[in-house]
Number of protein chains: 2
Amino acid sequence: MEAHPKKYGVVLYDGFQLIDVCGPVDVLNVLSTHTDGISLSIISETMNPVSTFPRKWPGDMGMPPFTTSQTLQPTHTFETAPQLDVLIVPGGMGCFDPEPANVGKPDPKVIDPIVTFILAQYPKLQYLITVCTGAGITSRTGLLDGKKATTFKGAWKVIPLWRPQVEWIPKARWVVDGNIWTSSGVCSGTDLMFAFVKHLHGEKIANDIAVWMEYTRHEDSALDPFGIEVSS
Amino acid sequence: MEAHPKKYGVVLYDGFQLIDVCGPVDVLNVLSTHTDGISLSIISETMNPVSTFPRKWPGDMGMPPFTTSQTLQPTHTFETAPQLDVLIVPGGMGCFDPEPANVGKPDPKVIDPIVTFILAQYPKLQYLITVCTGAGITSRTGLLDGKKATTFKGAWKVIPLWRPQVEWIPKARWVVDGNIWTSSGVCSGTDLMFAFVKHLHGEKIANDIAVWMEYTRHEDSALDPFGIEVSS
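Within an unreviewed UniProt entry, the label attached to chain A reads DJ-1/PfpI domain-containing protein, and the organism entered is Exophiala bonariae.

Next comes the structure, spelled out in structure tokens:
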């Protein structure tokens, strides 16, 4: 029987979406009162506070810039992070190239160091989890090639182009393929994390956490109220 | 016609619950792309990063300590914060007195400076919003006396005792009384914030934000899956 994962980590970059990170992470905070000794590392390029505002707003994507932002404090850099059991890659506007000529494309300045980190961690990970456009970032590793995955429905026209070798699922709250779990946009990551806790620790603990957090779970991964209709 | 509020602020203290803050705040981040020039101040006693772990864990409340925690960066102290239009007071384990003799009681070291700040802000606030045990903190101001309010259902046996002059509602996702909006526990604050956005900016903007965030709203404030049954 597989040992429960203990060492969780989440990658941050300027322009991460707050709930992509804080939804799943707060489920883990409460899980930590139900199971022994889990840790969570918050990992970024440097130890500077990381902002929800991108290094430069991708202006040509039809959405004006946020006028509010917050910063989270990393605990590790990509160099100092421990080997993890579970790595979470969130989405956010920071993953898009801000150059008008590259509208809708991945920003290599942001993504390349994360791709290198995922590839270094993956061989010893028990699970890799993505939220929202975090699947787009992760697709650039090649680890999703030939696998089923989903992503943010609000960027469905651009993210799947980042790696056509992935079997992108247009209607799914989240998708599990092997040890890689990918969720749809923003708030769907919280449902993925509850399903993940149930997978590892059983329904009672998942339900106890949901009741404490007063959270109504989406429990069916295939039922996606925001899914994209694909004409046949 | 009342002008739309522009200046939002959220109070932080060690031991705030991550989603209490980040759920509503991320709705505001996305709202900021739909309306002109809103700001959000993150306000604490000092400019030091504020942790989701309390200054001391309240050990006698039947829940072992979190083994994971995160820190958010304030933008202002209680002294430097601007006059706000909307103030949000989140809940969290940090509001409980960690002394075993005072189990379930408010921690004056944490709460008193917040109470002072709320009272200084309230006369010029357009709205006061609480999430989870933030209603308990806010009740200590006396501003909820004679008003309807709700709070975290997981602490229903203790929080209403903090201020019996409040008409505590045991079954409500959130409650509006005058210009004070109080939500139930943890994740219910996100539903309150969507309802608040709808109240201010209309259903279309609230729905557009929910679709972008892939969030299924609880839209009925009276429908509370985690409400307390009161025997008559």
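### Considering the pattern of salt bridges
All names here are of chain A. Counted under the stated rule, the structure contains 22 salt bridges over all chains. A salt bridge links K171 to E229; the nearest nitrogen and oxygen atoms lie 3.1 Å apart. With K171 in the loop between β9 (167-168) and β10 (174-177) and E229 in the segment after α5 (203-212), this residue pair connects regions lying 58 residues apart in the sequence. Judged by relative accessible area, K171 falls into the partly exposed class, the value being 37%. For R217, the salt bridge identified is with E219, shortest N-O distance 3.7 Å. By sharing partners, the salt bridges in this structure join K198, E203, R217 and E219 into a single network.

### Quick notes on the sheet that holds strand β11 (residues 180-183) of chain B
All names here are of chain B. Strand order in this open sheet of seven strands is β5-β2-β1-β6-β7-β11-β10, and the pairing throughout is mixed. One side of each edge strand has no neighbouring strand; the edge strands of this open sheet are β5 (76-77) and β10 (174-177). Of the pairings in the sheet, the one linking strand β2 (residues 39-44) to β5 comprises two bridges and is parallel in character. Bridge pairing in β5 links I43 to H76. The strands touched by helix α2 (residues 108-121) within the sheet are β1 (7-11), β2, β6 (86-89) and β7 (127-130), with β6 carrying the most contacts at an inclination of about 160°. Along the sheet, helix α4 (residues 188-201) makes contact with β1, β6, β7, β10 and β11, crossing β11 at roughly 150°.

### Description of the pairing of strand β6 (residues 86-89) of chain A
All names here are of chain A. With burial as the criterion, each face of β6 is covered, one bearing V86 and I88 and the other bearing L87 and V89. Both strand β1 (residues 7-11) and β6 contribute to a ladder of three bridges, which runs parallel. Within β6, the position partnered with G9 by the bridge is L87. As judged from the four bridges shared by β6 and strand β7 (residues 127-130), these two strands associate in the parallel manner. Along β7, the bridge assignment pairs V89 with T130. What joins β6 to β7 is helix α2 (residues 108-121), and the crossover it makes is right-handed.

### Some words on the interface of chain A and chain B
Think of interface size as the accessible area that goes away when the parts come together; that is how it is often given. Listed as interface residues are 49 residues of chain A and, on the opposing side, 49 residues of chain B. If you sort the residues of chain A by the area they bury against chain B, W212, E214 and F226 of chain A come out on top, with a joint share of 19%. In this structure, the connection of chain A to chain B is made through zero salt bridges. Where chain A meets chain B, there are 24 residue pairs in polar contact (both at pLDDT 80 or more). Those elements that place two or more of their residues in the side of chain A that touches chain B are α1 (18-31), β2 (39-44), β4 (71-72) and α5 of chain A. Here the element with the most residues in the side of chain A that touches chain B is α1 of chain A; it accounts for nine residues. Looking at side-chain class alone, the side of chain A that touches chain B contains 26 nonpolar, 19 polar and four charged residues.

### Digging into α1 of chain A
In this model, α1 of chain A (14 residues) spans 20 Å end to end at C-alpha, consistent with the 20 Å of a helix rising 1.5 Å per residue. With 14 of its 14 residues buried, α1 of chain A lies for the most part within the structure.

### Topic: the packing of α1 of chain A against helix α1 (residues 18-31) of chain B
Look at α1 of chain A against α1 of chain B: their axes get within 9 Å of each other, and the N-to-C directions meet at 165°. Classified by the interaxial angle, the pair formed by α1 of chain A and α1 of chain B is roughly antiparallel. Handedness of the α1 of chain A/α1 of chain B crossing: left-handed. Seen from α1 of chain A, the contacting residues are L18, I19, C22, G23, V25, D26 and N29 of chain A; seen from α1 of chain B, they are L18, I19, C22, G23, V25, D26 and N29 of chain B. A class-by-class count of the residues in the contact of α1 of chain A with α1 of chain B yields eight nonpolar, four polar and two charged.

### A short note on the nonpolar core
Ranked by internal contacts, the top residues of the largest apolar core, which has 156 residues, are F196 and M213 of chain A together with M213 of chain B. Every residue in contact with M213 of chain A, bar those within four places of it in the chain, is listed here: D26, V27, V30 and F194 of chain A together with I19, G185, V186 and C187 of chain B.

### Re the sheet that holds β2 of chain A
Residues and elements named next belong to chain A. Sheet architecture is open: seven strands sit in the order β5-β2-β1-β6-β7-β11-β10, paired in mixed fashion. Either end of the sheet is taken by a strand with one partner, and the two such strands are β5 (76-77) and β10. When β7 meets strand β11 (residues 180-183), the two strands line up parallel, connected through three bridges. From the neighbouring strand, L128 faces β11, where its bridge partner is I180. Relative to β1, α1 is tilted by about 165°, and along the sheet it contacts β1, β2 and β6. Contacts between helix α4 (residues 188-201) and the sheet are confined to β1, β6, β7, β10 and β11, with β11 contributing the most and set at about 150° to the helix.

### Overview of empty space enclosed by the protein
For the structure on display, the rule yields three cavities of 30 Å³ or more. Among the residues making up the lining of the largest cavity, the classes are represented as six nonpolar, three polar and no charged.

### Comments concerning unusual backbone geometry
Trans is the common state for peptide bonds, and a negative phi is the common state for residues other than glycine. Phi at C132 of chain A is positive, roughly 60°, even though this residue is not glycine. Along the chain, C132 of chain A turns up in the loop between β7 and α3 (134-139). On the accessibility criterion, C132 of chain A (4% relative accessible area) is buried. A positive phi angle, near 50°, is found at E214 of chain B, a position not held by glycine.

### With respect to the UniProt feature "domain: DJ-1/PfpI" (unreviewed entry) in chain A
The feature "domain: DJ-1/PfpI" (unreviewed entry), as annotated in UniProt, sits at residues 10-198 of chain A in this numbering. Annotated as residues 10-198 of chain A, this span is 24% helix and 18% strand, and its ends, taken at the C-alpha atoms, are 20 Å apart.

Conventions and cut-offs
Residue indices begin from 1 for each chain and proceed along its sequence in written order. Chain letters start at A and ligand numbers start at 1, both assigned in the order the entries are written. Whole-chain, interface and lining totals are the exception, using all residues; otherwise, since this is a predicted model, local features are given only for residues with pLDDT of at least 70 and side-chain atom pairs are given and counted only at 80 or more. Side-chain numbers come from the whole structure's heavy atoms, not from hydrogens or water. Here, a salt bridge means any side-chain nitrogen of Lys or Arg that lies within 4 Å of a carboxyl oxygen of Asp or Glu. The secondary structure listing takes helices from DSSP runs of H or I that are at least 4 residues long and strands from runs of E that are at least 2 residues long, numbered from the N terminus. Only protein chains enter the accessibility calculation, which uses a 1.4 Å probe. A residue is then buried if its area is under 20% of the maximum for its type, exposed if over 50%, and partly exposed in between. Two strands are counted as paired when DSSP detects at least two bridges linking them. In what follows, residue pairs with any heavy atoms lying within 4.5 Å of each other are defined as contacts. Here an angle of 0 to 180 degrees is reported between the N-to-C directions of two axes, which are lines fitted to C-alpha atoms, with helices fitted over the stretch in contact. When the strands point away from the viewer, a crossover counts as right-handed if the path from the first strand over the helix to the second runs clockwise. What gets called buried area is simply the loss in accessible area from a 1.4 Å probe that two parts show on being joined, summed for both. Under this definition, polar contacts are N or O atom pairs within 3.5 Å; protein pairs additionally need one hydrogen-donor-capable and one acceptor-capable atom, and for neighbouring residues in sequence, both atoms have to be side-chain atoms. Residues are grouped as follows: Ala, Val, Leu, Ile, Met, Phe, Trp, Tyr, Cys and Pro are nonpolar; Asp, Glu, Lys and Arg are charged; all remaining types, including Gly, are polar. In this scheme, a helix's expected span is set at 1.5 Å multiplied by one less than its residue total. Any angle from 65 to 115 degrees is called roughly perpendicular, while one under 35 is roughly parallel, one over 145 is roughly antiparallel, and all others are oblique. In this scheme the handedness of a crossing depends on how the near helix is turned from the far one: anticlockwise by less than a right angle means left-handed, clockwise means right-handed. To qualify as a nonpolar core, a set must consist of buried Ala, Val, Leu, Ile, Met, Phe, Trp, Tyr and Cys residues joined through side-chain atoms within 4.5 Å. Think of a 1 Å grid over the protein atoms and nothing else: a 1.4 Å probe that fits but is trapped marks a cavity, an open set flanked by protein within 12 Å on at least five of seven lines marks a pocket, and residues with an atom within 4 Å of a point count as lining. Grid points are joined across faces, edges and corners, and a volume is the space filled by probe spheres set on the points. UniProt positions are given in the numbering used here, feature names are shortened, and annotations may be inferred rather than shown by experiment.

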